[in-house]
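What follows is the residue order along each chain.
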Amino acid sequence: MQVETKIEEQIQTLLNNTIILNRRYLDDEQLQRVEQFKVLKEIFDVDVRDKEIRELSSHFAPMFRQDHPVHLSVYGKTGTGKTVTVLYLLNLFHSLCLKKGVEMKYIHLDLSTPKPCFRALNDLACLLDAAKRYKKGISLDELMGRIEDRIKSYTGYFVLFVDEVDHVRTDLDSFLKFLVKRLPQTIPSRLILVFSSNRLNWQENIDPRIKSFLKMNELFFAPYNALDLQKILALRIEKALNPKMVESGVLEKIAAVSSRNHGDARKAVELLSKSAQMAEKEGVPITLDLVDRAYDEIERDKYAAMIKSSPKQLQAALYSILSVPPSSHKPMQTGDAYNAYSAFCGKVGLRALTQRAFSDIVSELDMYGFIQARILSHGRYGRTKEIAVKLPPEVVLKIKHVVLLEFDLNPLARF
Ligand SMILES: Nc1ncnc2c1ncn2[C@@H]1O[C@H](COP(=O)(O)OP(=O)(O)OP(=O)(O)O)[C@@H](O)[C@H]1O
Ligand SMILES: [Mg+2]
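None of these values were measured; they are calculated from a predicted model.

What counts and what doesn't
- Residues numbered from 1 in each chain as written.
- Chains lettered and ligands numbered in written order.
- Predicted model: local features only at pLDDT ≥ 70, side-chain atom pairs only at ≥ 80, totals over all residues.
- Pairing = 2+ DSSP bridges.
- Helix = DSSP H or I, 4+ residues; strand = E, 2+ residues; numbered from the N terminus.
- Contact = placed C-beta atoms within 7 Å.
- Axes fitted to C-alpha atoms, helices over the stretch in contact; angles between N-to-C directions.
- Core = buried A, V, L, I, M, F, W, Y, C linked by C-beta atoms within 7 Å.
- Buried ≥ 20, exposed ≤ 12 C-beta atoms within 10 Å, placed from the backbone.
- Domains from an automatic or database assignment.
- Expected span 1.5 Å × (residues − 1).
- Arc of directions from axis to C-beta.
- Near = placed C-beta within 6 Å.
- Nonpolar A, V, L, I, M, F, W, Y, C, P; charged D, E, K, R; others polar.
- Parallel < 35°, antiparallel > 145°, perpendicular 65-115°, else oblique.
- Left-handed = near helix turned anticlockwise from the far one by under 90°.

Draft legend 1. Structural detail: the sheet that holds strand β10 (residues 383–388). Here we have 3 strands laid out as an open sheet, ordered β8-β10-β9, and antiparallel in their pairing. In the strand order of this sheet, the two ends are held by β8 (332–333) and β9 (372–377), each with one partner. Across 6 bridges, β9 lies against β10 in antiparallel orientation. Within β10, the position partnered with R374 by the bridge is E386. In the packing of helix α15 (residues 355–367) onto the sheet, the strands contacted are β9 and β10, and the crossing angle to β9 comes to about 135 degrees.

Given below as structure tokens:
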């Protein structure tokens, strides 16, 4: 066969077996707002989040008869669609308002990374074009004044969506006091605050004087069920993948696994995306078995990412525990782990903690789910901890690899 024909055929086979046709639909970060809204419209058209959409609509309905809706607090676990649903509806209300001659504006203040009150207000001021980004040199009061000045001539409805409000650290009280008490009195527009949070109790520690001003409706987003997730995933498959390369049952499986474990749409899409990537790399269709492997790999990456961002002492302790050879006749004791840890610290030049402090770290590792620790009482001989490692071997390997790299050691050398 001529070389050109051979190459052409090979390219054609590769093209025929392509799995990912439009990668962007597997990662919302890459989608433009308009595209994202289009996806959502298709999903909402098939009645996903129907109850929440009805409640949001009736909450905002008073705007259309010149009445003032109260504030709103939206709760729900991560990935339940709070942000996308609220934004989609605000966008819709905005066009409806335009049509009906009602003046309305909305702003999305995204606090998905924790920040102090100053940063949050500065972000808000930037969104409103009321100030530039400051590191310092401007007081909270001045920032607040700038925000007020910027909107003091606006008389319509002003919806401020404060997304992940509990991420305002030091201090949430000042932040809310401004939004709830001061701002409504200093601007002529009708302010409607929409808060979202993963935590049901985010208002628990607010100053009662502010709380008494916070008249709110509440809306709860339940985790997605398997049927919802199937609809969400089906659309992603349609937009992003070559349907011929997706075996039957894959969609149902991802939806079932995801609804059972978390009901998080973000993670479900991530599992689909990982399966597609792995299949493409291996040059095979997405099969049920591949979904299992993709799931394991995501889990593995999760632990690895968690330990990578942990303090050095935690990394050293976990590495040492994972390196103690398992014994068939007796479970690992804190003492065994501590010896391994001291030796590791010596090797990498890290100051070793006392056995007592080490024991606290063991508890912390237990809390994060890396290990299981059980306290044993030996009467007057005191107490020890028994440590068990239940992570799959490939996860252990990956964690050890990551830690060694964090200590600038070569994971391929033997320790
Ligand atoms: N109804 C839906 N239709 C299509 N995709 C959805 C839907 N709900 C959620 N998603 C997907 O899940 C991702 C997470 O949704 P969203 O950001 O709204 O969750 P959230 O509840 O705000 O989570 P967090 O509390 O972590 O902010 C979105 O980027 C989108 O990819
Ligand atoms: Mg969100």
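Draft legend 2. Quick peek at the nonpolar core. Ranked by size, the top nonpolar core spans 71 residues in total, and within it L121, V162, F175, V194, L233, I254 and A268 carry the most contacts. Here this core takes 7 residues from helix α11 (residues 265–282), the largest share from any one element. Residue contributions to this core reach at least three from each of two domains, namely domain 1 (3–25 + 225–306) and domain 2 (49–221). Not counting chain neighbours up to four residues away, the residues in contact with V162 comprise L109, L111, L193, V194 and F195. In this structure, I321, A337, A340 and A373 belong to the second largest nonpolar core, which totals 25 residues.

Draft legend 3. Quick peek at α15. In a regular helix each residue adds 1.5 Å, so 13 residues correspond to 18 Å; α15 covers 19 Å between its end C-alpha atoms and thus fits that length. For α15, the full list of buried residues reads F358, S359, I361, V362 and L365. Looking straight down α15, one finds that the buried residues subtend no more than 160 degrees of arc, so they occupy a single side. Within α15, the exposed residues directed more than 90 degrees away from the buried face are R356, A357, S363 and M367. Taken from the residues just after α15, G369 is the one with a positive phi, measuring 90 degrees.

Draft legend 4. Region of the structure containing the site of ligand 1. Every one of the 19 residues lining ligand 1 counts as a neighbour, but T78, G81, K82, T83 and A265 are closest to it. Here the residues of the shell around ligand 1 are counted per class, giving 8 nonpolar, 7 polar and 4 charged. Built from parts of two domains, the shell around ligand 1 gets at least three residues from each of domain 1 (3–25 + 225–306) and domain 2 (49–221).

Draft legend 5. How the structure looks around the pairing of strand β4 (residues 157–163). Within β4, 6 of the 7 residues are buried, leaving the element largely enclosed by the surrounding structure. The pairing of strand β2 (residues 104–110) with β4 spans 7 bridges and is parallel. What sits directly across from M104, in β4, is Y157. In this structure, β4 lies alongside strand β6 (residues 190–197), joined through 7 bridges in parallel fashion. Bridged to Y157 within β6 is R190.

Draft legend 6. Molecular detail of the packing of helix α9 (residues 226–240) against helix α10 (residues 250–261). Two elements in contact, α9 and α10, have axes separated by 8 Å at closest approach and are oriented at 135 degrees. Our classification of the angle between α9 and α10 gives oblique. You can see that α9 and α10 cross each other, and the crossing is right-handed. Seen from α9, the contacting residues are A226, L229, Q230, L233, A234 and I237; seen from α10, they are L251, E252, I254, A255, A256, S258 and S259. Taken together, the residues that form the contact of α9 with α10 break down as 9 nonpolar, 3 polar and 1 charged.

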